[in-house]
Each structure stands twice: as C-alpha cells, then as structure tokens.
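Okay, here's what each chain looks like letter by letter:
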Amino acid sequence: MCLKIEEEESNSKSQRNHWLQGCVLSLSPTNDLMVIANEQKAVFLVPKWKHSDKGKEEMQYAVGWSGSLNVEEGECVSSVLCIPLASQKRSSTGRPDWTCIVVGFTSGYVRFYTESGVLLLAQLLNEDPVLQLKCRTYEIPRHPGVTEQNEELSILYPAAIVTIDGFSLFQSLRACRNQVARAAASGNENVQPPPLAYKKWGLQDVDIIVDHASIGIMTLSPFDQMKTASNIGGYYAAIKNSPPAMSQYVTVGSNPFTGFFFALEGSSQPLLSHVALAVASKLTSALFNAASGWLGWKSKHEEEPAQKQKPKVEPATPLAVRFGLPDSRRHGERICLSPCNTLAAVTDGFGRVILLDVTRGLAVRMWKGYRDAEVGWIQTVEDLHERETEKMDFSPFGNAQGPSRVAQFLVIYAARRGILEVWSTQQGPRVGAFNVGKCCRLLYPGYKIMGLNNVTSQGWQPQTYQICLVDPVSGSVKTIHVPFHLALSDKKSERAKDMHLVKKLNALLKAKTSDPDLIEAEAKELILDIKYPATKKQEKFNAAVKYVSLFRAVYPNSNEVLFFSSELECVDEGLLQFCANKLKLLHLYELVSKLNSQSIQKDTPPSDNDLAKLLRLEERDFRRLETLLENYKKENTQSTVDEKDDSLSVKMFLEYLEYEKDMINVKNMEDGEYVALGSFFFWKCLCGESSIEEMCRALESAGFSPQILLSLLLNLWLSKEKDILDKPDSVSCLHTMLSLLSKMKVAIDESWDTQSISPWWQQMRTACVQSENNAAALLSAHVGHSVTAQIVDSVTEKKFSQIIVGSDTESWEALSLDTEYWKLLLKQLEDCLILQTLLHSKVSRRTKRVSSLQTEPLGRLSVKKLLEAGKGKEITQIFQILNACRDLLQLAYQQFPCSLEVDVLHAHCCWEYVVQWNKDPEEACFLIRSIDHLRCIVNAHVQHGNLMCFMSTTLLKRTELIKDVGMGDTAMTAFLGCCSDLLQTLLEADVSSDEMQAPVLDTEDAWVSVEGPVSIVELALEQKRIHYPLAEHQFVLCTILYAIMRFSLKSVKPLSLFDSKGKNAFFKDLTSIQLLPSGDMDPNVLSLRQHFLVKVVSAVVQTLCSSQKAKEVSEEELFPFEKGKNWPTLAVDLAQYLQVSEDVVKRHYVCELYSYGMDHLGEEAYLQVADKEVLASQLLILAGQRLAFALLHVQTKDGTELLARLPPTLCTWLKAMNHRELQNAEVPIAVTAKLISKVMEHLPENHGQYNLALNLTEAVEAISHTLSI
C-alpha cells in the first residue's frame, strides 16, 4: 500500500531528503495516525481519500493538528508512540475506538494526547530524560504452555525503567477522555480518573543504557532454576518447589553491551500515581481555558505556584543486572524484539546486526556492514489451503491437517547503502532485497491494539501492519509482506521456484509482441516446468493456461492444435481436463461466430393478420395491443443496455462459461454481461439474419440446458425493448425460437399434465413479472401464451385422438392451468403498461401545476413491484400525474375500477400531499390541498380513519414539538389552522359515522394476489373511534394556538387558560379515556379566558379594518389557508367551550365594529346580541366619545356655539369623554345620529341613562341642522 504525505513547506532538495532523519516518528499499527516531532514542535497526520495529480483517488496523509508540545521550559520531545485503543462496543470488528499519542520529553515527563491535540494526562515518573517508549499489547498464545503476557507501557530512563500496567493505563485514558467529552458538553462534572499502576526499577551495574526490550513474564524450568540459584547463592542455596515468575528486561548500551535483568513478581509493590490533569497547558483547548472554574479546577493565579513545584517522584526499586554480553569496545544502539518474544535483533556502533536468543542469553548470528541500520520483524502465518496435499516426509510441524506454522523474518534497512533486506531466521538465507533510497525510516511498532483480552480478541480481526518504510523523497509509506513459503527449507525450495515461474509466465503473457507462436512456445515450456501440485491449482496459473489455449482461436494459422496435445505424461490430469473443456468452448465459439456471419435470405415480414393469428388474438384485441404499444413507444421506450456491437471476444466468452460433466453452465455475472452473452447467441436470430434452427441445434448439442438458453433469451429480449418495438417481425422469430426450445429434451417434463403448472412456463412468467420493460414483457407473454396453447392443443389432440377437429372447432382452445396463468399475467402486464405510459406521458412532464410537487424521479414499474407494494400502489402512481392527465385517467379507471373509486382516490391523494408537505413544511398549500381531499371523502368511516392516521402520524407529533418543527411564522400559522380544521372535521366524521355503514372494499380480479402492506383505506377502516370530549378538548387548544399565531397576540400563555386536568389531557391518544375538566372552573382561569377572547375579537376587527383599507392586498392573498373562515363565529364557539358568556364576546365584537367606524357591520352583529340593554348603554358611551370629538376637538365657531347651548349636565358629561379610546373618531354626524337612535330603541324609559340619551339625540339633531345650513 502506498500513501501520499502532504508537505506544508518545501525547502531545498537536500533538506527535503534528510529532514526525517532528525525527527521522532511514530505510525499507529492501524495506519490511521502518524506523528512527526522535532524538538518542541509536532504534527499529527491523519489519512484521507483525495485525488492525486494523476486524477486517481488514493489515501493521503493530511495535517490533523500541529503545534508545540513543550510545557516545561527547554524540554524537547525524545520519544513518541501512537497506541490505538480498542472499542468497548460489541458491534466493533477490528477498528480502534480512538488513538492515544504518548510523548516522552527530555524533562522526564510522559504526556498523553488525543488525536486532536488535547492533553489528557501528564506524569513525571523520573527526573531524567525519557530515552525510549515501548508498548506491548495482548496476543493470543499459540500453544497451551506459553505464558500469557499482560499489556504494558515501558518507559526507559538513563538509569531506570518504568512499566505501566496496560489495563490500568487503558482505564485511565478512557476516563480522561470521557471527562473531556463531558466537560465540553455540560461543564458541571469533575470526575477524577483512576490512578495509574506502575513499577519502577533502578537498573544497576550498567554504565550506559540507550535502548531496552521488555520480554514479559517468564518461568524457569527446574534445571534453570537450580542453575541460577547455584550461581547466586552457592552450593547451599535453597530453591522453592515451584519456579517463581519473573519479568525479564534486556538493555543495550555499554559495559555490558547487552544486560539481562530479571525482576521477581511480588518483590516490588505497584506504585499508584494520581493522574495530573491537563490545566493551562499550551495544548489545552479554548474550552478548558474558559471553563476551568466551572469544571472544578483552580484558577490561573492559584495554579502558578503548583506548576513551579514539581510532583513527588517515587524512588526506584534497585534491580541488578543478572548477566550480559561483556564487550567493552562495543556500544549498542538499538534492540528490536521479535513477535514471538524469543529473539531480538541488536545494532551496534561497529555496523553489526546481532541476533540474540533472549531465552538463553546467547548471540546466535551476526551480520556485518550495516552501519546506522534500522531493524524490524515480520511474522507470517502459513495458509493451510496452500499446503501440498500429496505424500510428504515426516515433519515436526505435523501433517496438512495440523496447526498453521509461523515463520519470522528479520528486516534490515541499511540507510548508508539505501537497501532493504529480508532475512529468514535463525539461520536462513536472504529472501529479498530492495533499493529504497538513503533517507528512509523503518517503522516497526511491535504492538497492535490495546484493550483486548482472551475473550474480546476472539471476534476481532484487526487490520494492522507489521512493519513499514517511510520514504520522504517519494512521499510514500510502504508496507512489507513476505510469503510464508520463503521460510521453507531447501527441500521445499522447488515451490519458491514455481512461484517465480508463475510470475514469469504472467509477465510473458502481458508482453506486447507480434509473434504469437513464440509466446505460445515459451509459455508451454514454462507451464510444463512447474512441478509443485498446489501451484498448478492457483488462479493465476489457470488463467495463464487459459490465455495460452486461446492462441488457437485468435490465430487460426497456428500449425499446432494446442500445446497440451503432446507430452501428456508431464501434465497434471486436472490440467488436461481443464484444457479439454476450454477447447470445447472454443469450438462452440467458432461455430456460433460462423452461424452469425452467414447471411440468409430474410423472410417476408409478417402482416398484422399473420401476427394476430400467431398470437391467437382477435382482430379487435390485436388492434388494442397495437394502440397500447404505440402509446408506450412514444412516451418511454428505453434500452437498458448500452448499444454495442453484438460480437463477443473469445476472452469474455471463456470467462462467462464453464464446462463441467458434459454440461455448459453460465457463471454468476452482472446483468450487462448476461445480456451480452445472450446477444451473441440469439440477436442475429431474432433479427432474422441467422438460422434459428441451426443455432438451437448447435447450442443443444454443445451441452446447454434449455433452461439456461431460455434465461439468456428472455434477458436479451427484455433488455432490447426499444429495438424490438422497431422490429415487429422479431415477434415471429421469438415464437419460432421458443417453440424449438420447448421441444428440447428436459425442457417440458414428460409427466407434465395440463392441469398442473410446468416449471418451464413458470420460469418464463417469472421473468416477465420481474421485468420493468413492460412492452417487451407483454409481447413475450403473448408469445409464451401462444406457444403454450399450441403445445396444449397438441397434447390434448393426442390424448383424445378420437375427436375429429373440423372447421367448426378451429377456434377452440384446450384448457390448462398454464394458459389460465398466462391470461392472468397478460391482464397484469397490460395494466402495468398503461400505468407506465401514464406516468411518463409528455402531458405530465410539461404540466406547471404538478411541477411544484417535490416528487421523486418516476421509477420504472413492474408487476412484481405492484404485487409486493400492497394495495393502493396503483393509485399512488396515478396521483403523480392526476392533475395533468385528467383525460387519460378514464383509461386507467377502466383498468382499475375498484382501486380508483372516489373515496379511495381522495384518500390516496390526501396522503400524497401530506408526503409533499413533510418534505417542505413551509409549503402550506400541500397541507391545505390534503385537507380539501379529506373533506371530499363521502363515507364517514373512511374519512374518520384517514383523519386518525393523519393526526397520529404527522400533525400531533409536530404539534408536540412546536418549538423544533423548523417552520416560519406563516407556515406555522397555516399548520395550526389546518390542525384546527382537521380536528373539527374529525369531530364531524365521528358523529356522521353513526349514521352510515362502513364500505366493502373490492379488488380487481387480476390483482387479488397482491401482497405487502395494506392499502391506506384498509388501514383507515382499522382505526379505533375517538373519544369525542378529548378530541374536542384538543380542538380548543389548536384553535387558541391558531388565533395567537394568526393575529400575533402578545403576552398570551395558552396553557394558563386551562387547569391541571386540562393540561394533562393534551397530546394524548385521541382514542383513550382521559380525565377532563368538569364542573365549575376557577374564577381566575375564567377571567383569563374572557380576557383572551376579548383580545381575539379586537384583533379580528382590527385585521378586518386593515384589509378594507389596503385594497391592493386582500386577506386571501395574505392567508390563502383561511378560505371562508368566520372568526367572530369561531370566537363565540370558543366561548362556549371555555365556559365564558357568549353574549360578552358578541357585545365586545359590536362595540369594536362601532369603534372602528364600521357601523354597517355593527348593525348586523347587533341583532345577534341577547342582552341589548347592556349593549345600548355601552354604545351610548361610544356615541358620546364621537360627539365630544366633534364638538370639543374640532375647532370651529359653530361647534363652540352649539356646545354653549347644550344643557350643563350634557356638556359636563361630554367633556369627561375620552375620544382617544375610539379607533376611528372621524365618523359623520348622520352615522352617529343613527347609532344614538338605535341606543334609544333598546334603553327603557326607567333606565338611568335614558335622559342622557334624549339630550344626545337633541344635540345631534341640532348639530345636523347647523351643518345643513
């Protein structure tokens, strides 16, 4: 795998080539994060799919985070590890949850970061610089006797080594990361993660240590235990009955060159370190800087003294070196432990690579000439399927059924020579060498994913690499893979030789040359030289043989028949059979190509009468079929395959077919490939350009089963719809070919009876049912029906030979179960064809009205889709073109009289508009149209059920989440108005359903077998009846909300208008029984309700007045969803529901109308008031306000004189009137006089204000008289 690396800066060429050598580098084993650090700075790279310079999409590393990591002054990065942490989810199958970056500093600190650069925790475990970080993750033991190793992180200091338990580290990192997430989400938690458990060993008796390897826990054998005890304690040393467990560490440096340390388990108690949380560091995000207070951390000035004082450092437990390799002049540089923990590779200052046996403490091998080398390991597991199945000599690894063997290879990168070598260990040869450049870095993590155990690792398939090479020159990361067979002994080396022969063979076949005979000869020699049986069964080898066998067909001038015709004793029997089968296929290819190239004289195209007779159709039915096909052809014929040449290459022909047991089978292919093969066999025949009889005879004799030929023929026919409709004579060719195929052996079972279903015809019907090319399917079904009837007639004639068929019985048709199924399918295909024609008609495409619908692209229909979609699918499809094709709808109604019944159609139209509205709630017109269709449903049961589905699935859910529905004010107003209308219609439907019967739903005979979900009408009829008081209660709330939004009422809290029972009953299932308010209501609630209704009435009158003044914008244009909405009446109805006096609302409405000067409307509303005496006294004040405005505030000489002549009582009363309470005070005196006269009519003479009214009447008359003069 090659991954590109993006470079942010480009310097000179030499700097670009060598800059990586001075950096600290780490790549996650899962290949999802790379860290490059130099001194204080670091960059985190993450892989992303991007387009390369060549236009290809490839994985490239992009900068995910970059910045400075140093916290302490002067500290630098000395070591980095990228450790992927396992996911705790059961569904995870191999990818890590996240990756932790562990960074060691020269200050002694070890810090842990997330992929985004957030510091999780920091530890100061020793005050010396961190030299090296290494990690060990869980591996399943290969053998029962192998000790299971625990996960750990080891940190090397100049004179100490610290090991952190993997489980403790995993839990701490998870806790810290979770705390970061919680802090970012809420900021009110401060959960301390668990402390880290670690051990600290002080390494003694060693001068210099530069690298280390933690071997893990080991147990000595009894002999080694006694030997070690004697060396340490002398002759009288005592040993325990069971050997103790020890942790082994190997260091490299000087004096000794390699040191072996053994720490007894239990000799030192694990130390617990409190996790130092990241506060005020340079990498801490802005969130943590801003939220340090509310996370429970200290403020900045409180942290400063704590930062200056370093944490307490625990002392190390002394650990003396047990033994080593004492070479005073040799200085070790690196040590790399093998995956099996038994070997280690060490590099030194003399340019040597030394292989250590860490179990025995011996150097077992040395390589020279590798100065500044980097080393790593590759472990390869044998694939059991590749083992030789023939007889083998005895081997300690077991037989072919034994466990997989494991091989280890040492990879050495010699930087000074720019070469990468792969060696087989322990004593094996070099198995590979590559020139890679002198500036690369070899990365060997030595670990995989942390957080697994013997249980969770069973289901994991981690996608990790073992070793890779980073090349800064090409900007690529290359992984290294070594096949297992390279580790085999010399005795098995012939297999490796065969692998090279296969590679050479493939390269030969890919070479471009003009001499095919030369290639055939060389390929023959290579193939016969391959000896290893398993190699002969490989896919590449078989492909090579296949390509060689093609030369005879591609180059017919070749003298040799085929290379495998000679030297049969040298070739495997399976290979001979393989080549023989390919030769048979080549002969078939040549024969079919020859038949297709032969030109024959075309027959005269059949007439319409001939086709009608061939398809057994009456003239009227044939004309109808012609009309349907012609309409369909105009609108939506399409070819589902690319128009390509019908020839098929030899290569593709052999790839499509396989020969087995004298039978030819077709491999699993894509649809286009299947059609291409069928076209190669049959298209010339269908066009009348090739002999149908000879082609069928050739295919049958070659070994094709008739079922396969029928499948190929039908796939070709159904995919070439456009071409078929342009060639009517292809129908007669199909009839001939189908008749010949039906006469083949095993096509139709000899035991087939006319009263049973033939699998042969069922295969053809299934293909027609599934096809989306309805015209081609309908034609093939007519041909199938005709051939079936022909065969049935023949069978019946033989069975009843005593019946003499005369001229009177020529039109008779023998009955059979298959012919009845054909008739049913013909009816279904015809219906589907009509629907398809309607859906793709040009009328529907150019209609403006339908264009506003957010319909999905119209898909292709098939009988299978309609049968599986459930009842009502036809109506759903028809709705999409209903408004555009009203003239064509009559044709569809003839085909679907039951499905297009008026109520059913309205129900489906309603739901289609709801679907459109759900896609864009801002378009209220869709919701309004949906309600219009609902109101058009005649049957109350259907109407009630649809309303229930509507309310439960759409409207109430949006009403519950009114703040989050994402609508604008206009859309929200329309939505609430529609909710109110729907609930009102639901209440009316519930009452009406008691007076009528539920409808009986029928289905067309051709579609009785429809499966899938029930239709919308059936679903509606299954709905429960509503609880009327609860629905009415919900209606009141929706109307109140509607009024608030419609008139923009401020400071209104809708729920304050209801008591606790009323509030709890909202948004409950309308069919449930809820506890509703009853009896007397709280006077405070009643007062709020009355105040609300008064505000509504005032807003209604204000809106009415504004609409009359603004003639250019009508109310219907502003609010198209308020068709025929009578708000005064609705306010009175609400008053009844809310237990508020209706007369109060009516009186306020009349007063508001007069206040706005709309006296003509006030006179009409006056008649609806019950207590006219109270209303008259209210209007008397309003008339006084008008008169006061006319006399006191209009400064005229006549007004002053009239005021002086008025009675003192009346004058004082008028001066007390506030005309500013009127919305329109400039009303003519004649209109005011009429108002006062109406007041006089309804005030009794004993009323306290009667005399005042008389004085007002006289004053108005005087004013009128003065103005008339």
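All of these numbers come straight from a predicted model, not from anything done at the bench.

### Points about the sheet that holds strand β16 (residues 258-264)
Reasoning step 1: On the basis of which strands lie adjacent, the open sheet formed by four strands has the order β14-β15-β16-β20 and antiparallel pairing. Only two strands of the sheet have a single neighbouring strand rather than two, namely β14 (208-219) and β20 (323-325). Pairwise comparison of adjacent strand axes, ignoring direction, gives a mean angle of 20° for this sheet.
Reasoning step 2: Sheet topology places β14 next to strand β15 (residues 245-254); ten bridges connect them, and they run antiparallel. What sits directly across from Met218, in β15, is Met246.

### Section: the packing of helix α15 (residues 671-686) against helix α16 (residues 692-702)
Helix-helix packing is described using two parameters, namely the angle between the two axes and the distance between the axes.
Reasoning step 1: Running from N to C, α15 and α16 cross one another at 160°; their axes reach a closest spacing of 9 Å. Comparing the axis directions of α15 and α16 gives the class roughly antiparallel. Note on packing geometry: the crossing formed by α15 with α16 is left-handed. Judged by residue contacts, Phe681, Phe682 and Cys685 of α15 engage Ile692, Met695 and Leu699 from α16.
Reasoning step 2: Residue classes in the contact of α15 with α16 are distributed as six nonpolar, no polar and no charged.

### What to know about the side chain of Asp357
Reasoning step 1: Looking at where Asp357 falls in the secondary structure, it is placed in strand β23 (residues 353-357).
Reasoning step 2: Here the side chain of Asp357 touches Arg360 through a polar contact of 2.8 Å, side chain to side chain.
Reasoning step 3: Every residue in contact with Asp357, bar those within four places of it in the chain, is listed here: Thr342, Leu343, Leu362 and Val364.

### A few points about the sheet that holds strand β25 (residues 373-381)
Reasoning step 1: An order of β25-β26-β27-β28 is seen for the four strands of this open sheet, with the pairing classed as antiparallel. Here the strands that pair on one side only, and so sit at the sheet edges, are β25 and β28 (430-435). Neighbouring strand axes in the sheet, compared pairwise and without regard to direction, differ in orientation by 20° on average.

### Focus on the side chain of Thr114
Reasoning step 1: Positionally, Thr114 belongs in the loop between β8 (109-113) and β9 (119-124).
Reasoning step 2: Of the residues examined, Thr114 reaches a relative accessible area of 8% and is grouped as buried.
Reasoning step 3: At 3.1 Å, the side chain of Thr114 and the side chain of Ser116 are in polar contact.
Reasoning step 4: Those residues within four positions of Thr114 in sequence are excluded, and the remaining contacts are Phe44, Trp98, Thr99, Ile101 and Leu120.

### Digging into unusual backbone geometry
Reasoning step 1: Note the cis peptide between Asn255 and Pro256, where omega equals 0°.
Reasoning step 2: Tracing the backbone shows Pro256 in the loop between β15 and β16.
Reasoning step 3: Geometrically, the link from Thr425 to Gln426 is a cis peptide bond, its omega value of 5° lying close to zero.
Reasoning step 4: By the secondary structure assignment, Gln426 is in the loop between β27 (419-424) and β28.
Reasoning step 5: Its identity as a non-glycine residue notwithstanding, Asp372 has a phi of 55°, on the positive side.
Reasoning step 6: Relative to the helices and strands, Asp372 resides in the loop between β24 (362-367) and β25.

Here is what the cut-offs are and how they apply
- Residues numbered from 1 in each chain as written.
- Predicted model: local features only at pLDDT ≥ 70, side-chain atom pairs only at ≥ 80, totals over all residues.
- Heavy atoms only, no water.
- Pairing = 2+ DSSP bridges.
- Helix = DSSP H or I, 4+ residues; strand = E, 2+ residues; numbered from the N terminus.
- Axes fitted to C-alpha atoms, helices over the stretch in contact; angles between N-to-C directions.
- Parallel < 35°, antiparallel > 145°, perpendicular 65-115°, else oblique.
- Left-handed = near helix turned anticlockwise from the far one by under 90°.
- Contact = heavy atoms within 4.5 Å.
- Nonpolar A, V, L, I, M, F, W, Y, C, P; charged D, E, K, R; others polar.
- Polar contact = N/O pair within 3.5 Å; in protein donor to acceptor, adjacent residues only side chain to side chain.
- Buried < 20%, exposed > 50% of the residue type's maximum accessible area, 1.4 Å probe, protein only.

Nothing here speaks to function; it is all geometry.
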